[in-house]
Each structure stands twice: as C-alpha cells, then as structure tokens.
Amino acid sequence: MSAVIKVEHLTKKFGGLTAVDDISFDVEEGSIFGFLGPNGAGKTTTINILCTLLNPTSGRAFVGGYDCVREPHMVRKAIGIVFQDSTLDKDLTAYENLAFHAYIYGVGRAQVRERTEDALRFVGLLDRKDDLVKRFSGGMKRRLEVARGLIHRPRVLFLDEPTLGLDPQSRTNLWEAILELPERHGVTVFMTTHYMEEAEVCGRLAIIDHGKIIASGSPGELKKAIGEDLIFIKTTDNASARARIEELSGLKPEEKDGELLFTVQRAESVIPGLLKTLAGTVLSIRFERPTLNDVFLKLTGKEIRPEAQEDSSIKEEVRAYRRRH
C-alpha cells in the first residue's frame, strides 16, 4: 500500500516549548493509525499541522500527496476532522448540520440528501435526523461529527481523542462505526488517543511522549518487543516458594494479594518447570501477556499521564492561525 500521510522531520516550537520534536512517520492508505500518548505529548499539535491549522517550525508533512504548508486548500479537500471539542451547531437539526457541511464542501445539490442520509444511517442516527442537536447526548453528538466528517468523501479522517468524556456504552457505539470506515468508505483513519484499549484496534501505532516518537509498529509488535510475560503463582507456602524460585532461577518474585509475581520470557515454556519445582504446593498459576500500558511503562519509565494538559500557548496559536486564515 502507498502512504497517504508522510511526515518528515517535523518540529513545532512555541517560544521555549518544543511541542513536536523532529518526528517522521508514514500512514498507509486504508489503515487505522493511532497516535498514542498522554495529553500534552504533541499529538494535537501534530494533527493540527496535518490539518493545516498550524504551520511547522521546520520539517514537512504531506496528506494525499499535497504539502500541508504549500497546498493547504488541496489538503483540506482531502480530509475530514473530528476535533476534541464539539463544533456542531446545536440549534440546527442533525440533517441540517450535515447538509450545511456538504454545501460548504461543494457537494452537488442532487447528492446532498443521499449523502446526508447515508452518513446518518451509517452512524445509526437516521431516525433522529430532524431532531435538534442540543437534545443529543454526548455520544450521539460524537457520532454525528463522524458522519459530518465523511459527507464530502475524504481520503483521510482525523479523529482527535474521539471518545474523550464519553461513557463506556457511547464509546463502544462510536468505535463500531469507526472500525468500519476503511472497508465501507475507503477512508484512512488517523486518530489520537490516550486510551490503551482503543489503541489496541489500530493497525499501526506511533507512541509519542514529550514531542518525540519513542516507538512505532503494530500493537502486537510493540508488545512483543518488550518480550516479557507476567507469571502469577499462589502456593501453600509463598515464602518457601519464593526462596526456591530465587535459588533455582535467580528471579526475584514480588508478592501481591497473596500471589507471587515475576516476569519471564515465554511463560508457557517456564510454567511446566515451575510446577515440577514446586510440586504439591501450587494452588494456582497463570500468566499475562504485556499490554500497551506495559510497553509505555517500559519505554518511558512511567504510566501514561491522562491528567496532563496541552500547553495553553498551543491552543492560542491555533486560534490565532484560524483567524488569519
């Protein structure tokens, strides 16, 4: 597959703050690509550059083959966007919001009704098309924004923290729609998130922290790279079992909630030996594969920081750039 997004040595500085620090990556057409990292890591700044809402300090970015700085109008025709903050007109109906967007993007009058109803049907809101948006729940508004982003048939749909603030059921409903986008609409999805379970569904991820990409690959590849499984074992005498494990393997188990736990390579090959070593004393034994949170912890030395906030200077520059353009 060809790359529909190409980023080369992209950097964005705000005074003394480097929000994006010399990053490079490609996104294949027809894929779901995830930008994983805490708020304030540089995700939103990068997406704003790719959507032509900010100019980079240095480096280049291309979407659909168009230069984001030199050909912003062509880039805008090729993309749809769902921002973190809702931009729907709450005093219009669902249908009117989508139809207005279609007219702005030059969709022919004869196609507006068909495309609008198709988009509403896709996100499960066709039966609410004549309802005012101000009566919608948060999850319904998010789905409507996805529908709006598709109305002009973009090549790339950008989703900036698409499920932020939604309840679990609303998140599930939204994700059912997002996962169908590449196959049903031929759309490449570029999304930012700090939710690990959402990142799991992406075909490829880039993990970003403090403006730098620190790892990239499929979720499976990233978890395989840290290569350690976590074994949990409960025995009739955990103190004796811990001493025996340390003596024979050099491993140093910790104890938590009545279980000994420690990491190993390929747990399935280690467990038979443990059962033999601790014969007659094992009450239970299990193991877990690494999670993306484990990957982030291994690479950064800390868990993801959902409480961190994007620097206010970034938001102000985006607002100023929109006013100028």
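Just above, that's the structure.
Here's what I pulled together on the structure shown here. (Residues numbered from 1 in each chain as written. Predicted model: local features only at pLDDT ≥ 70, side-chain atom pairs only at ≥ 80, totals over all residues. Heavy atoms only, no water.)

### A few points about the side chain of threonine 188
Alright, step 1. Among the structural elements, threonine 188 can be located in strand E8 (residues 188-193).
Alright, step 2. In terms of polar contacts, threonine 188 uses its side chain to reach the backbone amide nitrogen of glycine 30, at 2.7 Å.
Alright, step 3. Apart from residues no more than four positions distant in its own chain, threonine 188 is found in contact with Val4, Val27, Glu28, Glu29, Gly30, Ser31, Arg155, Val156 and Leu157. (Helix = DSSP H or I, 4+ residues; strand = E, 2+ residues; numbered from the N terminus. Polar contact = N/O pair within 3.5 Å; in protein donor to acceptor, adjacent residues only side chain to side chain. Contact = heavy atoms within 4.5 Å.)

### What about the environment of lysine 212?
Alright, step 1. Residue position: lysine 212 is located in strand E10 (residues 212-217).
Alright, step 2. According to the relative accessible area criterion, lysine 212 is partly exposed, its value standing at 41%.
Alright, step 3. Between the C-alpha atom of lysine 212 and that of glutamate 161, which follows or precedes it by 51 residues, the distance is 19 Å.
Alright, step 4. Setting aside its immediate chain neighbours within four residues, lysine 212 contacts Asp21, Ile23 and Ile207. (Buried < 20%, exposed > 50% of the residue type's maximum accessible area, 1.4 Å probe, protein only.)

### As for the sheet that holds strand E14 (residues 282-288)
Alright, step 1. Ordered in space as E12-E13-E11-E14, the four strands form an open sheet in which the pairing is antiparallel. Two strands in the sheet have a free side with no partner beyond their single neighbour: strand E12 (254-256) and E14. Within this sheet the neighbouring strands show an average axis-to-axis angle of 30°, counted without direction.
Alright, step 2. Across five bridges, strand E11 (residues 229-235) lies against strand E13 (residues 259-264) in antiparallel orientation. By the bridge assignment, leucine 230 is partnered in E13 with threonine 263.
Alright, step 3. Where helix H9 (residues 238-249) meets the sheet, its contacts fall on E11, E12 and E13, and the angle it forms with E13 comes to roughly 20°. (Pairing = 2+ DSSP bridges. Axes fitted to C-alpha atoms, helices over the stretch in contact; angles between N-to-C directions.)

### Some thoughts on the pairing of strand E2 (residues 17-28)
Alright, step 1. The pairing of strand E1 (residues 3-14) with E2 spans eight bridges and is classified as antiparallel. Bridge assignment links phenylalanine 14 to a residue of E2, and that residue is leucine 17.
Alright, step 2. The turn joining E1 and E2, which pair antiparallel and follow one another in sequence, is formed by two residues; a positive phi near 60° is taken by glycine 15.

### Remarks on the packing of aromatic side chains
Alright, step 1. Inspection of the entire model under this criterion finds seven aromatic pairs.
Alright, step 2. Arranged with centres 5.3 Å apart and planes meeting at 50°, the rings of phenylalanine 158 and phenylalanine 190 form a pair that is tilted. Here phenylalanine 158, found in strand E7 (residues 156-160), pairs with phenylalanine 190, found in strand E8; they are 32 residues apart in sequence, far enough to count as distant. Accessibility classification places phenylalanine 158 together with phenylalanine 190 in one group, the buried group.
Alright, step 3. Above the ring of phenylalanine 14, the side-chain terminus of lysine 12 is found at 5.2 Å from the ring centroid.
Alright, step 4. Geometry around tyrosine 95 places lysine 129 over its ring, the cationic atom sitting 5.5 Å from the centre. (Phe/Tyr/Trp six-rings, centres within 6.5 Å; stacked < 30°, edge-to-face > 60°. Lys NZ or Arg CZ within 6 Å of the ring centre and 35° of its normal.)

### Overview of the environment of phenylalanine 190
Alright, step 1. By relative accessible area, phenylalanine 190 is classed as buried at 0%.
Alright, step 2. Counting along the chain gives 15 residues from phenylalanine 190 to leucine 205, while the straight-line C-alpha distance between them is 9.9 Å.
Alright, step 3. Not counting chain neighbours up to four residues away, the residues in contact with phenylalanine 190 comprise Ile5, Phe25, Val27, Phe33, Phe35, Ile47, Leu50, Val156, Leu157, Phe158 and Leu159.

### Things to note about the nonpolar core
Alright, step 1. One finds Leu144, Val146 and Leu159 to be the most contacted residues of the largest nonpolar core, which totals 46 residues.
Alright, step 2. Leave out the neighbours within four places in its chain, and leucine 159 touches Ile47, Val82, Val146, Ile178, Val189, Phe190, Met191 and Thr192.
Alright, step 3. Ranked by size, the runner-up nonpolar core spans 29 residues in total, among them Ile5, Leu54, Val75 and Ile208. (Core = buried A, V, L, I, M, F, W, Y, C linked by side-chain atoms within 4.5 Å.)

### A few points about the sheet that holds E7
Alright, step 1. Across the sheet, six strands lie side by side as E6-E7-E8-E3-E9-E10; this open sheet has mixed pairing. Either end of the sheet is taken by a strand with one partner, and the two such strands are strand E6 (79-82) and E10. Taking each pair of neighbouring strands and ignoring which way they run, the sheet shows an average axis angle of 15°.
Alright, step 2. Of the strand pairs in this sheet, E7 and E8 are connected by five bridges, and their pairing is parallel. In the strand pairing of E8, leucine 157 is matched with valine 189.
Alright, step 3. Contacting E6 and E7, helix H5 (residues 138-150) crosses the sheet at an angle of about 155° to E7.
Alright, step 4. Here helix H8 (residues 219-226) sits on the sheet and contacts strand E9 (204-209) and E10; the angle it forms with E10, its principal contact strand, is near 105°.

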